[in-house]
Amino acid sequence: MKNLSPLQVINHPLFTRHQVKVSIKRDDQIHPIISGNKWRKLHYNLKFAKEKQYQGIISFGGCYSNHLHALAYACQQQQLEALAIVRGESDNQNNYTLSWAKHWGMHLSFVDRQTYRKRQDLTFLNELQQQYPRHLIIPEGGSNQLALSGVGEVINELNQQCTYDSLLVPVGSGGTLAGLVKQDNNEHNIIGIAVLKQSDYLTEEVKRLLNNDSKLQRWTIENDYHGGGYAKFTPESANQILQFSTITGIPFEPIYSGKMLLGFFDLLEKGYFAANQHIVLLHTGGLQGIAGLAEQGRLNVNEWPLPPAPPVS
Ligand SMILES: *Cc1c(COP(=O)(O)O)cnc(C)c1O
């Protein structure tokens, strides 16, 4: 797997006005179909599975999951079986995300919310492991210790590409932020923008992933930019994101990278960043999610950049 993404300097009147330099680390460009942080998080998990001669991988996600989409492709590439435990009804199996997943050979097992809630329950996981003794079980979103190492490579690449002061990243499960913080080792300010409510829980989760290493101090999670909750957004915020895409020519989606952008704009307006800072925004990819939102009628298909359609099966 190739893991090198470009760093792009962005010119925008807002940034000039606040006298900051802004660059975007284009992890959305890691691969034409599969992108972003899920790809980074899977890298060492798949390597581990191959080295230990596992037969396949089992993981968890919702019907529109970026993680399952990336996992399906990565497993196909590595000739590993992929089994997904999917929250929701099997009616969803022909949606954009899951059509691609099936195209790459992923097996889908649909479960109700109650069963899905057991995904971190040790008894449940032990039973699953006994049922599939030769499969590696990866948590939802791929956030485990091996994922942290893969994400840490973003920091190594950035250190080769530029000098910078602050790094912004959207936060879902916290694995990406934890991986960046660990590898950065207090060299930069790392700011997570929570894309869901309950972000006190997220801070604890990031600490847990960092093994409660209290030496790692230069990070924070901003909680005011979830826009109403996970995957929720108003037409106004969707438009703001789209406008920025039009000006910069860079595609964003409104669930993760778009919320990071809106949070960043607000922090800038509030004077959060000193003049002359170089701020890097990590574009975590996830553009396949646009298709699912379009299918649900939540985005205008004529305005948003639709990712490649799955082959007709
Ligand atoms: C999953 C995801 C995130 C959040 O990453 P976590 O490691 O779960 O915090 C951010 N951006 C995109 C596009 C994602 O798919």
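Below, the structure is looked at part by part. (Residues numbered from 1 in each chain as written. Predicted model: local features only at pLDDT ≥ 70, side-chain atom pairs only at ≥ 80, totals over all residues. Heavy atoms only, no water.)

## Overview of helix 11 (residues 257-269)
Quick note on the threshold: For helices the rule is a DSSP run of H or I covering at least 4 residues; for strands it is a run of E covering at least 2, with both sets numbered from the N terminus onward. Helices are assigned an expected span. That span is 1.5 Å times one less than the residue count. Summary of the burial criterion: residues with accessible area below 20% of their type's maximum are buried, those above 50% are exposed, and those between are partly exposed, where the area comes from a 1.4 Å probe applied to protein chains only.
Taking 1.5 Å per residue, 13 residues should reach 18 Å; helix 11 reaches 19 Å between its end C-alpha atoms and fits that length. When you tally the buried positions in helix 11, you get 11 out of 13 residues, the bulk of the element. All buried positions along helix 11 are accounted for by Ser257, Gly258, Lys259, Met260, Leu261, Leu262, Gly263, Phe264, Phe265, Leu267 and Leu268. Backbone geometry just downstream of helix 11 places Gly271 in the positive-phi region, at approximately 75°.

## Points about the nonpolar core
Spelled out, the test is: Residues belong to a common nonpolar core when they are buried Ala, Val, Leu, Ile, Met, Phe, Trp, Tyr or Cys residues joined through side-chain atoms within 4.5 Å. Here, two residues are considered to be in contact whenever any of their heavy atoms come within 4.5 Å of each other.
Ranked by size, the top nonpolar core spans 62 residues in total, and within it Phe15 and Phe264 carry the most contacts. Of all the elements, helix 11 adds the most residues to this core, at 7 residues. Not counting the four nearest positions on each side in its chain, Phe15 is found in contact with Ile10, Val20, Val22, Phe244, Phe264, Phe265 and Leu268. Membership of the second largest hydrophobic core comes to 28 residues, among which are Ile30, Trp39, Ala70 and Ile138.

## Quick look at the sheet that holds strand 4 (residues 81-87)
So the rule is basically this: Strands are labelled as partners when DSSP assigns at least two bridges between them. Under this scheme, a helix contributes an axis fitted over its contacting stretch, all axes are lines through C-alpha atoms, and angles between N-to-C directions fall in the 0 to 180 degree range.
The strand order across the open sheet formed by 4 strands is 5-4-3-6, and the pairing between neighbours is parallel. Two strands close off the open sheet at either side, each with one partner strand: strand 5 (107-111) and strand 6 (135-137). Shown here is a sheet whose adjacent strand axes are inclined to one another by a mean of 25°, direction ignored. Pairing between strand 4 and strand 5: 5 bridges, direction parallel. What sits directly across from Ile85, in strand 5, is Ser109. Its contacts with the sheet put helix 3 (residues 66-78) on strand 3 (56-62) and strand 4, and the angle it makes with strand 3 is roughly 160°.

## Topic: empty space enclosed by the protein
Note the following rule: A 1.4 Å probe that fits but cannot get out identifies a cavity on a 1 Å grid over protein atoms alone, an open set with protein on both sides within 12 Å along at least five of seven lines counts as a pocket, and a residue lines either if it has an atom within 4 Å of a point. Grid points are joined across faces, edges and corners, and a volume is the space filled by probe spheres set on the points. Each residue gets one label: Ala, Val, Leu, Ile, Met, Phe, Trp, Tyr, Cys and Pro are nonpolar, Asp, Glu, Lys and Arg are charged, and the others, such as Gly, are polar.
Tallied over the full model, the rule gives 1 cavity of 30 Å³ or more. As for the largest cavity, its lining consists of Val181, Asp184, Asn186, His188, Ile190, Gln217 and Arg218. In terms of residue class, the lining of the largest cavity is made up of 2 nonpolar, 3 polar and 2 charged.

## Considerations on the pairing of strand 8 (residues 189-194)
For a regular strand, side chains alternate in direction, first toward one face of the sheet and then toward the other. What counts here: A right-handed crossover is one whose linking path, passing over the helix from the first strand to the second, runs clockwise when the strands point away from the viewer.
Strand 8 sits mainly inside the fold: 5 of its 6 residues count as buried. Here strand 7 (residues 166-171) runs beside strand 8; their pairing, made up of 6 bridges, is parallel. Across the sheet, Leu167 pairs through a bridge with Ile190, a residue of strand 8. At this point the chain moves from strand 7, through helix 8 (residues 175-184), to the parallel strand 8, and the crossover so formed is right-handed.

## Concerning the pattern of salt bridges
Quick reminder of the rule: The term salt bridge refers to a side-chain nitrogen of Lys or Arg lying within 4 Å of a carboxyl oxygen of Asp or Glu.
Applying the stated criterion across every chain yields a total of 10 salt bridges. In this structure, the salt-bridge partner of Glu157 is Lys25, at a minimum N-O distance of 2.6 Å. Highlighted residues: Glu157 in helix 7 (residues 145-161) and Lys25 in strand 2 (residues 21-26), separated in sequence by 132 residues. Judged by its relative accessible area of 8%, Glu157 is buried. For the salt bridge of Glu157 with Arg40, the shortest nitrogen-to-oxygen distance reads 3.0 Å. Note that Glu157 is positioned in helix 7 and Arg40 in helix 2 (residues 36-51), a separation of 117 residues in sequence. Side by side, Glu157 and Arg40 carry an identical accessibility label, which is buried. In the salt-bridge network here, residues are joined through shared partners; they are Lys25, Asp27, Arg40 and Glu157.

## Description of the site of the ligand
For clarity, the cut-off: Only heavy atoms are used to decide nearness, and a residue is near a molecule or strand if one of them lies within 4 Å of it. In the analysis that follows, any N or O atom pair within 3.5 Å is treated as a polar contact, provided that within protein one partner can donate a hydrogen and the other can accept it, and provided that, for residues neighboring in sequence, both atoms belong to side chains. For accessible areas, the Shrake-Rupley method is used with a probe of radius 1.4 Å. Any residue's cover is judged against the shown protein chains and nothing else.
For the ligand, the set of nearby residues contains 16 residues, the closest of which are Lys38, Lys41, Ser173, Thr176 and Thr284. The separation between an oxygen atom of the ligand and a polar side-chain atom of Asn37 is 2.9 Å. The backbone of Gly172 places a nitrogen or oxygen atom 2.8 Å from an oxygen atom of the ligand. Protein chains shield 98% of the accessible area of the ligand, which is 380 Å² for the free molecule. Mapped by element, the contributors of at least two residues to the shell around the ligand are helix 2, strand 7 and helix 8.

## Examining the packing of helix 10 (residues 235-248) against helix 11
To be explicit about the condition: Between 65 and 115 degrees an angle is taken as roughly perpendicular, under 35 as roughly parallel, over 145 as roughly antiparallel, and anywhere else as oblique.
For the pair helix 10 and helix 11, the least separation of the axes is 10 Å and the interaxial angle reads 90°. Classified by the angle their axes make, helix 10 and helix 11 are roughly perpendicular. Judged by residue contacts, Ser237, Gln240, Ile241 and Phe244 of helix 10 engage Gly258, Leu261, Leu262 and Phe265 from helix 11. Residue composition of the contact of helix 10 with helix 11, grouped by class: 5 nonpolar, 3 polar and no charged.

## Considerations on the environment of Lys270
Relative to the elements of secondary structure, Lys270 occurs in the loop between helix 11 and strand 10 (278-283). Of the polar contacts made by the side chain of Lys270, one reaches the side chain of Asp266; its length is 2.9 Å.

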